[in-house]
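Remarks on the overall topology
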Amino acid sequence: RRGLSTEGVPDIAASEGFVVGEVTKKSILISCPHENVSTKFLAPYTTFGRIHQKSITCLDISSGGGLGVSTSTDGTMKIWQAANGEIRRLLEGHVYDVNCCRFFPSGLVVLSGGMDAQLKVWSAEDASCVVTFKGHKGGILDTAIVDRGRNVLSCSRDGTARLWDCGRSACLGVIADCASPINGIAVGTAESSLSLGTPETAPSEREVGTEGKILLLAREDKKLQGVGLQSRQLVFLFVGSDAFNCCTFLSSTYILAGTQDGNIYQLDVRNTSAPIQVIHRSGAPVLSLLPYRDGFIASQGDGTCFIIQQDLDYVLDLTEADCDPVYKVASWEKQIYTCCRDGIVRRYQLSDL
């Protein structure tokens, strides 16, 4: 850096084959023509450092973009204003750490899972716990919501993924029992040509929206599993290079899954014998994956958080986490939120790209 312009934009010089492209107050575009790679580094638009006292392990943003919810190793779960980080509600009831939280599609209800093996449903309006599900034998590591939320899903250290009925606070069934911790799950509509199997018994009338859905399981034993949500039948089993931490759907055909040794696998659910591509930017664990526009956002244990999109000829790197793990990413329209071991929620603005 060679100083600032009168507008406050830094003057950046490059060496060793690098080229500096566009520079603004919040971003720097760097390319290396010899390697044919480009990265735009984007600084946070704003940061919230007072929501929690310790590491923030999970966060989500409501469907309307107005509220955020987050969990922390300080033992708390809080609802806050997405615009300024102002705390609105404290959700108390779990024993030990809360591992995961997410809003229902309505934006008025929150689903959470904790190390106490309990799954809870909360009102975002008055912070009351309206439902508690018990049945897992180990800490709950991830959750998913089926359609509008009459049914929800959870996975646990006990190796099972379970389907729950919110209306009756009951378990509708064990979708899979893997004999290995399930670190992450995702539910999506399956490609119409994909055979999901047939249920051995007729589904309960309390099961809503499970037909035609496939459940992804990111397993600790290096396996990524696809299961027909209604049939409970195995659709595919893919073996990766290390424990799978997270998974998501890019479309009804394409899925992504991230491993402990830094690989991001893109697979076609119709043929999982070999990945379409394997993206590897560092050896740090891939901690979260989120579909975004025509690409995805990934975060890793070394503080990297990046966006790959088909219509961008560069990778977008979200900066400032340094070497602290970025545990979770959430988005609302052109805003990206990240949570980190350093206890800070960062908000990035993509509208000017």
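Residues numbered from 1 in each chain as written. Predicted model: local features only at pLDDT ≥ 70, side-chain atom pairs only at ≥ 80, totals over all residues. Heavy atoms only, no water.

Looking at an unreviewed UniProt entry, the protein chain carries the name Proteasomal ATPase-associated factor 1, with the source organism given as Nestor notabilis. Per UniProt, the protein chain has the following entry under Sequence similarities (unreviewed entry): "Belongs to the WD repeat PAAF1/RPN14 family." (UniProt positions renumbered as here; feature names shortened; annotations may be inferred.)

**Quick notes on the overall build of the protein chain**
Each helix and strand counted, the protein chain has zero helices and 31 strands in total. Against the 2.2 N^0.38 benchmark of 20 Å for 353 residues, the protein chain shows a C-alpha radius of gyration of 21 Å, consistent with a compact globule. Seen through its principal axes, the protein chain has C-alpha atoms that stretch 70 × 50 × 30 Å. For the protein chain, the share of sequence-separated contacts (at least 6 apart) that also reach a separation of at least 24 residues comes to 43%. In the form shown here, the protein chain has an accessible surface area of approximately 15,500 Å², with 46% of it arising from carbon and sulfur atoms. (Helix = DSSP H or I, 4+ residues; strand = E, 2+ residues; numbered from the N terminus. Rg over C-alpha atoms; globule rule 2.2 N^0.38 Å. Contact = heavy atoms within 4.5 Å. Areas by Shrake-Rupley, 256 points an atom, 1.4 Å probe, with all protein chains shown as cover.)

**Notes on the nonpolar core**
Side chains of a nonpolar character, in soluble globular proteins, are inclined to be buried together. Counting 25 residues, the largest nonpolar core has Phe 133 and Val 152 as its most contacted members. Counting residues per element, the ones that place at least two in this core are β6 (67-72), β7 (77-81), β9 (98-103), β10 (109-114), β11 (118-123), β12 (129-134) and β13 (140-146). A total of four residues in this core trace back to one element, the largest contributor, which is β9. Setting aside its immediate chain neighbours within four residues, Val 152 contacts Phe 104, Leu 111, Leu 119, Phe 133, Ala 144, Ile 145, Arg 162, Leu 163, Trp 164 and Cys 166. Membership of the second largest hydrophobic core comes to 18 residues, among which are Ala 186, Leu 216, Leu 267 and Val 269. (Core = buried A, V, L, I, M, F, W, Y, C linked by side-chain atoms within 4.5 Å. Buried < 20%, exposed > 50% of the residue type's maximum accessible area, 1.4 Å probe, protein only.)

**A look at the pairing of strand β16 (residues 170-177)**
In terms of strand pairing, strand β15 (residues 160-165) meets β16 through six bridges, oriented antiparallel. Across the sheet, residue Asp 165 finds its bridge partner in β16, namely Ala 170. Connecting β15 to the next strand, β16, in antiparallel fashion are four residues, including Ser 169 with a positive phi near 50°. (Pairing = 2+ DSSP bridges.)

**Here we look at the packing of aromatic side chains**
Tallying each qualifying case throughout the model produces six aromatic pairs. Centroid distance Phe 48 to Trp 80: 6.1 Å. Interplanar angle 65°. Geometry classified as edge-to-face. One end of the pair, Phe 48, is in strand β4 (residues 46-48); the other, Trp 80, is in strand β7, and 32 residues separate them in sequence. A residue is classified by how much of its surface remains accessible, and Trp 80, at 0% relative accessible area, is buried. The ring of Phe 306 carries the charged tip of Arg 281 above its face, separated from the ring centre by 4.4 Å. (Phe/Tyr/Trp six-rings, centres within 6.5 Å; stacked < 30°, edge-to-face > 60°. Lys NZ or Arg CZ within 6 Å of the ring centre and 35° of its normal.)

**With respect to the layout of surface pockets**
When its volume is computed, the largest pocket comes out at roughly 1,400 Å³. Around the largest pocket, the lining comprises 50 residues; the ones closest to its centre are Arg 102, Asp 142, Thr 143, Ile 185 and Lys 328. Those elements giving two or more residues to the lining of the largest pocket turn out to be β5 (56-61), β9, β13, β17 (182-189), β21 (244-249), β25 (286-292) and β29 (326-332). Partitioning the lining of the largest pocket into residue classes produces 28 nonpolar, 15 polar and seven charged. (1 Å grid on protein atoms, 1.4 Å probe; cavity = no way out; pocket = protein on both sides within 12 Å on 5 of 7 lines; lining within 4 Å. Points joined across faces, edges and corners; volume = space filled by probe spheres on them. Nonpolar A, V, L, I, M, F, W, Y, C, P; charged D, E, K, R; others polar.)

**What about the environment of Leu 90?**
Summarising the element assignment, Leu 90 is placed in strand β8 (residues 87-90). Owing to a relative accessible area of 36%, Leu 90 belongs among the partly exposed residues under this scheme. Each C-alpha atom of the pair Leu 90 and Asp 242 lies 37 Å from the other, and the pair is 152 residues apart in sequence. In this structure, Leu 90 is in contact with Thr 76, Met 77, Lys 78 and Ala 127, ignoring residues within four places of it in sequence.

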